[in-house]
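Coordinate analysis (summary)
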Amino acid sequence: MSNKVPPDGGYGWVITFAYALNNVVVLPLVAGFGLVFQEAFEETGLTATQGTLVITLNHGFGMLLSFFGGPVLRRWGYRKVAVFGAVMVSSGLILTAFANNFWVFILSYSIINSMGIAAVMAAFTLAINSFFKEKRGRAIGVGMSITGLGTILMPMVMTAFLLRPAKWYLKDPPVLEEMQPLNKENGMALTNGSISASFKQMDILSLQKLEQPINNDVQPTKSLSMRSLMNTTNMQTRNAISHPDISKKPPDPPLSESRYKWWESQEINLGSSINIFYEGDSVRQIKSNQKDLDTDVEKKKKSLIQRFIDFFDLTLLRDPIFVNILFGLSIASCVETNFSLLLPIILKDLLKFETADIAKIMAVIGFSDTLFRFISPFIGEWCHRPPRVMYLVSLLVIIIIRSLMLFTTSFTGMLFVALAIGVTKGVRTVYMNIVIPSYVPLERLPFASGIQMFFNGIVIITIGSLLGRIREASGSYRLPIVILNLVTLLTILSWSIEFLYFKLKKADAKESIPA
C-alpha cells in the first residue's frame with residue numbers, strides 16, 4: 001500500500017470538477033455578498049461600519065479556523081468534512097436570508113457560513129492533492145479556470161435573481177392634509193362635528209404603572225455586607241478582617257528570653273540520641289521524593305505541550321524552509337487580497353475613471369486571469385521550473401506592472417496594464433495553491449495549509465487596517481501602492497536569499513568531494 005501513487009487523472013478529474021463547482025457556488029456569493037444583501041442591510045438599519053464588519057469577520061474568522069483543519073481532516077477525512085462544510089454554508093446562507101438585525105448577521109454569515117467555507121476549502125484542497133502529484137498543476141489550473149468563469153457568470157445570475165415584480169414594492173397613495181383627522185396627535189379625533197376621545201394611551205400608561213416593581217424593601221449591597229459584619233459575634237474574626245496581621249502568630253522570643261539557658265545542666269537521653277544519625281537519611285529521602293515529584297510534574301507539563309504540538313503538527317515550524325515559504329506566501333497573499341479589493345476604488349480615486357470604464361477594465365482583468373489560470377501550468381512544465389520559481393517570477397512582474405500603473409493616465413494605456421495584471425494574477429493564483437503541496441508530504445498537508453491560512457488571516461487583518469490609515473494620511477492611493485510593492489519585495493528577497501544560500505552550499509559540497 002505504501003508503494004502506490006496517486007492516479008494523476010481518472011476519477012481525479014471528477015474531483016477537480018467538484019472542486020471547481022464548489023468554488024463557483026461559494027466564492028462568488030462571498031464576493032457578491034454586498035450586492036445581494038445591500039437591500040437587507042438598509043431594511044434592518046445596519047450602518048456602513050456594521051456591514052463592513054460582517055464581511056470582514058467572515059474572511060478573518062474562516063482563516064483563523066483553518067488552523068484546526070489539520071486535526072479535523074486527520075480525524076474524519078475530507079469527505080465527511082466536505083459534507084459538514086456544505087451543510088454549514090447552506091445553513092448560514094438560509095439564516096442570513098432571514099436575518100433582521102446586526103447580531104443575526106454576525107451569527108449566520110460571519111460565523112456559521114465562515115465555518116462552512118473554511119471546512120469545504122480545506123477538504124477539497126486535500127482531496128485534489130490526494131488524486132494528483134505530477135499533474136497537480138494542471139488540475140489546479142483547470143479548476144481555477146472554471147472558477148474564473150463562475151466569477152464572471154455568477155454576478156449576472158445574481159443580478160437576474162434580483163429582478164423582482166414591481167407589485168411587491170407598490171405603496172399606498174399619499175393622504176392629503178385636508179383629509180387627515182384633526183388633533184390626531186393628542187388621541188382626539190373630530191368626527192361629524194363631535195369629539196371622540198381615545199383611551200388607548202391612557203390604558204397603556206395605567207398598565208405600565210401596574211407593572212413597575214416595588215423596590216423599597218431591597219437593601220443596597222453595602223448595607224447588607226455591613227449588617228452581616230455587625231452580626232458577627234467573634235471579635236477576633238472581625239479584627240482579623242480589618243487587620244489581617246492580628247491573626248498571625250506572635251514572633252519567637254529573643255534568645256535571651258529562651259526557656260533554657262546554656263549554662264543550665266540538662267539531661268540527655270542517649271537512647272533517643274541515636275536517631276540523630278538516621279535523621280540525615282530521612283531528610284535525604286524526603287528531598288529525593290520531592291525531586292521525583294517535581295520531575296513528574298515537569299514531565300506532565302512537557303507532555304501537555306508536546307501533545308498540543310503533535311495535535312497541530314507544529315513541528316513543521318522547525319523547518320526553516322517551510323517557515324520561509326509560510327512567511328512569503330502570507331505576505332504575498334495579503335498584498336494580493338488588498339490590491340484586488342482596492343483596485344476599483346484606486347481606479348476611481350487615482351485615475352478618475354467613470355464607472356463604465358472601470359467595469360471594462362475589470363472585465364479585461366477577469367478575462368486574462370481566467371485564460372492564464374488554464375495556460376500557466378503548461379508554461380511551468382515547458383520551462384521545467386518548480387512552482388516557487390514560477391510564483392516568484394510572477395511577483396516580480398506584478399511589481400513592475402503596479403509601478404507602471406502609477407504613471408498611466410489614459411484609458412487605453414490602462415487597458416494594457418489591466419491585461420498584464422490579469423496574466424500575472426492567473427499565474428499567481430495557480431502556483432500559490434501548489435507551492436506548499438509541492439514541498440510538504442501529503443499526510444502533513446492539512447496541517448501545513450491550516451497554519452498558512454491562520455497566518456494569512458493575521459497578516460491580512462494587520463496590513464489591511466494599516467493601508468486604510470495610510471490612505472487617509474496621504475490623501476491618495478499612490479503611497480499605498482508603493483507600500484504594497486515593497487511588501488511584495490520582501491517575499492522576493494527572502495526566497496531569493498534562500499535559493500542562493502542552498503545553491504552556494506551545494507556548490508561547496510561538490511567541490512569538497514574528491515575527484
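Residues numbered from 1 in each chain as written. Predicted model: local features only at pLDDT ≥ 70, side-chain atom pairs only at ≥ 80, totals over all residues. Heavy atoms only, no water.

Identification of the chain as Major facilitator superfamily (MFS) profile domain-containing protein from Iphiclides podalirius is taken from an unreviewed UniProt entry. Quoted verbatim from the Subcellular location (unreviewed entry) field of the UniProt record, the comment on the chain reads "Membrane". (UniProt positions renumbered as here; feature names shortened; annotations may be inferred.)

**Remarks on helix H5 (residues 69-97)**
Each α-helix turn comprises 3.6 residues. Residues three or four places apart therefore point the same way. Between its terminal C-alpha atoms H5 stretches only 28 Å, short of the 42 Å expected from 29 residues at 1.5 Å a residue. Helix geometry: H5 is bent most strongly at Gly77, by close to 105 degrees. Burial in H5 covers these residues: Gly69, Gly70, Pro71, Leu73, Val81, Ala82, Gly85, Met88, Val89, Gly92 and Thr96. (Helix = DSSP H or I, 4+ residues; strand = E, 2+ residues; numbered from the N terminus. Expected span 1.5 Å × (residues − 1). Bend = angle between axes of the 7 residues up to and from the residue. Buried < 20%, exposed > 50% of the residue type's maximum accessible area, 1.4 Å probe, protein only.)

**Some details on the packing of aromatic side chains**
Following the criterion strictly, the structure yields 15 aromatic pairs and no others. When the ring of Phe102 is compared with that of Trp103, the centres are 5.1 Å apart and the planes differ by 65 degrees; the resulting orientation is edge-to-face. Among the residues examined, Phe102 registers a relative accessible area of 13% and is labelled buried. Among the residues examined, Trp103 registers a relative accessible area of 64% and is labelled exposed. Both rings, one in Phe454 and one in Phe455, keep their centres 5.9 Å apart while their planes meet at 85 degrees; by these two values the pair is edge-to-face. Here Phe455 falls in the partly exposed class, since its relative accessible area comes to 32%. Each residue in the set Phe67, Phe68, Phe308, Phe311, Phe312, Phe454 and Phe455 is aromatic and connected to the rest through ring pairs, giving one cluster. Looking at Arg402, its charged tip hangs above the ring of Phe339, at a distance of 4.9 Å from the centre. (Phe/Tyr/Trp six-rings, centres within 6.5 Å; stacked < 30°, edge-to-face > 60°. Lys NZ or Arg CZ within 6 Å of the ring centre and 35° of its normal.)

**Some words on the nonpolar core**
Core analysis: the largest hydrophobic core is formed by 40 residues, its most contacted members being Ile128, Ile325, Leu329, Tyr391, Ile436 and Trp495. When residues of this core are assigned to their parent elements, the largest contribution, six residues, is made by helix H13 (residues 320-349). Setting aside residues no more than four positions away along its own chain, Tyr391 makes contact with Leu329, Ala332, Ser333, Arg428, Tyr431, Met432, Val435 and Trp495. Core analysis: the second largest hydrophobic core is formed by 31 residues, Cys334, Ile365, Val459 and Leu467 among them. (Core = buried A, V, L, I, M, F, W, Y, C linked by side-chain atoms within 4.5 Å. Contact = heavy atoms within 4.5 Å.)

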